[in-house]
Amino acid sequence: MRYLLTDEQKMIIEICRKIVDERIIPVRAEYDEKKIFPAEIIKEIGRSDLFRLFVPEKYGGMGTGIFEVCLATEELSRGDLSVATTYAASGLGFIPIILMGSEEQKEKYLPVLASGEKLAAFGLTEAGAGRDLGGVWPTAAKGADFWILNGT
């Protein structure tokens, strides 16, 4: 199948290609051997505005679709799967805020996530459920000015 990419989509691929060739490939073996989290590479991805792909324009993002995220993830995967997974999985933390977050939460979290200043996370696995989202039974209880999250 042949895809006809827009100029913006081609630019996303080129940005990722540059990060892969200049920042990931030269260090990936060392990072694997020494079990180093690629923090500087993830920061570079943020500085390159790739986290903005996940976020609506209203909150500092680019408002693109999942296809653009897939293009970025595919190209980053060429360099290192752990970097690409860190990038793509961060989107799992964005999506609940985008879909179900209050306006206050969106305004608070989405701009810093879009900038790459902070990473998002998505908790899923529990004993006895694995990755079966329907099988997890965590609880959340509101305290005075905090939440208590429990699970196994």
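None of these values were measured; they are calculated from a predicted model.

*Asks:* Looking at this structure, how should I read the pattern of salt bridges?
*Replies:* Opposite charge on two side chains permits them to pair, given that their charged atoms come into close proximity. The full count for this structure, using the stated rule, is 9 salt bridges. Between Glu 30 and Lys 34 there is a salt bridge, with its nearest N and O atoms 3.3 Å apart. Within this pair, Glu 30 and its partner Lys 34 are both found in helix α2 (residues 28–34), separated by 4 residues, close to a single helical turn. Two residues, Lys 43 and Glu 40, come together in a salt bridge whose shortest N-O distance is 3.6 Å. On the criterion of helical spacing, the pair formed by Lys 43 and Glu 40 is a turn pair, its members being 3 residues apart in helix α3 (residues 39–47).

*Asks:* Would you mind showing me how to read the environment of Thr 64 here?
*Replies:* Inspection of the secondary structure assignment puts Thr 64 in the loop between α3 and α4 (66–79). Between the alpha carbons of Thr 64 and Glu 126 there is a distance of 32 Å; along the sequence they are 62 residues apart. In contact with Thr 64, not counting residues within four places along its chain, are Glu 8 and Leu 53.

*Asks:* When you look at the nonpolar core in this model, what are you seeing that I'm missing?
*Replies:* Taken as a class, soluble globular proteins show a tendency for nonpolar side chains to be buried jointly. With 28 residues, the main nonpolar core has Ile 45, Leu 50, Leu 76, Tyr 87 and Phe 94 as its most contacted residues. Elements supplying a minimum of two residues to this core: α1 (7–24), α3, α4, α5 (81–100) and α6 (103–115). Broken down by element, this core gets its largest block of residues, 6 residues, from α5. If near-sequence neighbours (up to four positions away) are discounted, Leu 50 is found in contact with Ile 12, Ile 15, Cys 16, Ile 19, Ile 45 and Tyr 87.

*Asks:* Looking at this model, I keep getting lost on a nonpolar patch on the surface. Mind explaining?
*Replies:* On the surface, Leu 92, Phe 122 and Leu 133 cluster together into a nonpolar patch covering about 280 Å² of accessible area. Within the fold, Leu 133 resides in the loop between α6 and β1 (139–142). For Leu 133, a relative accessible area of 52% translates into the label exposed.

*Asks:* Teacher, can you tell me more about unusual backbone geometry here?
*Replies:* Working note: non-glycine residues mostly have negative phi, and peptide bonds are mostly trans. The phi angle at Lys 35 is positive, at roughly 55°, despite the residue not being glycine. Structurally, Lys 35 is set in the loop between α2 and α3. Non-glycine residue Asp 49 carries a positive phi angle of around 70°. For Asp 49, a relative accessible area of 27% corresponds to the partly exposed category.

*Asks:* Explain the pairing of β1 here, please?
*Replies:* Sheet topology places β1 next to strand β2 (residues 147–150); 4 bridges connect them, and they run antiparallel. Paired with Lys 142 across the strands is Trp 147, a residue of β2. Connecting β1 to the next strand, β2, in antiparallel fashion are 4 residues.

*Asks:* Sorry if this is basic, but what is going on with the layout of surface pockets here?
*Replies:* Sizing a probe to match a water molecule and rolling it over the atoms shows the empty space that remains. The computed volume of the largest pocket comes to approximately 940 Å³. Residue lining of the largest pocket: 26 residues in total, with Pro 96, Ala 121, Gly 123, Ala 140 and Leu 149 positioned closest to the centre. No other element matches the 4 residues that α5 contributes to the lining of the largest pocket. Classifying every residue of the lining of the largest pocket gives 16 nonpolar, 8 polar and 2 charged.

Calculation notes
- Residues numbered from 1 in each chain as written.
- Predicted model: local features only at pLDDT ≥ 70, side-chain atom pairs only at ≥ 80, totals over all residues.
- Heavy atoms only, no water.
- Salt bridge = Lys/Arg side-chain N within 4 Å of Asp/Glu carboxyl O.
- Helix = DSSP H or I, 4+ residues; strand = E, 2+ residues; numbered from the N terminus.
- Contact = heavy atoms within 4.5 Å.
- Core = buried A, V, L, I, M, F, W, Y, C linked by side-chain atoms within 4.5 Å.
- Buried < 20%, exposed > 50% of the residue type's maximum accessible area, 1.4 Å probe, protein only.
- Patch = residues over 30% accessible without salt bridge, like charges linked within 9 Å, V, L, I, M, F, W, Y side chains within 5 Å.
- Areas by Shrake-Rupley, 256 points an atom, 1.4 Å probe, with all protein chains shown as cover.
- Pairing = 2+ DSSP bridges.
- 1 Å grid on protein atoms, 1.4 Å probe; cavity = no way out; pocket = protein on both sides within 12 Å on 5 of 7 lines; lining within 4 Å.
- Points joined across faces, edges and corners; volume = space filled by probe spheres on them.
- Nonpolar A, V, L, I, M, F, W, Y, C, P; charged D, E, K, R; others polar.

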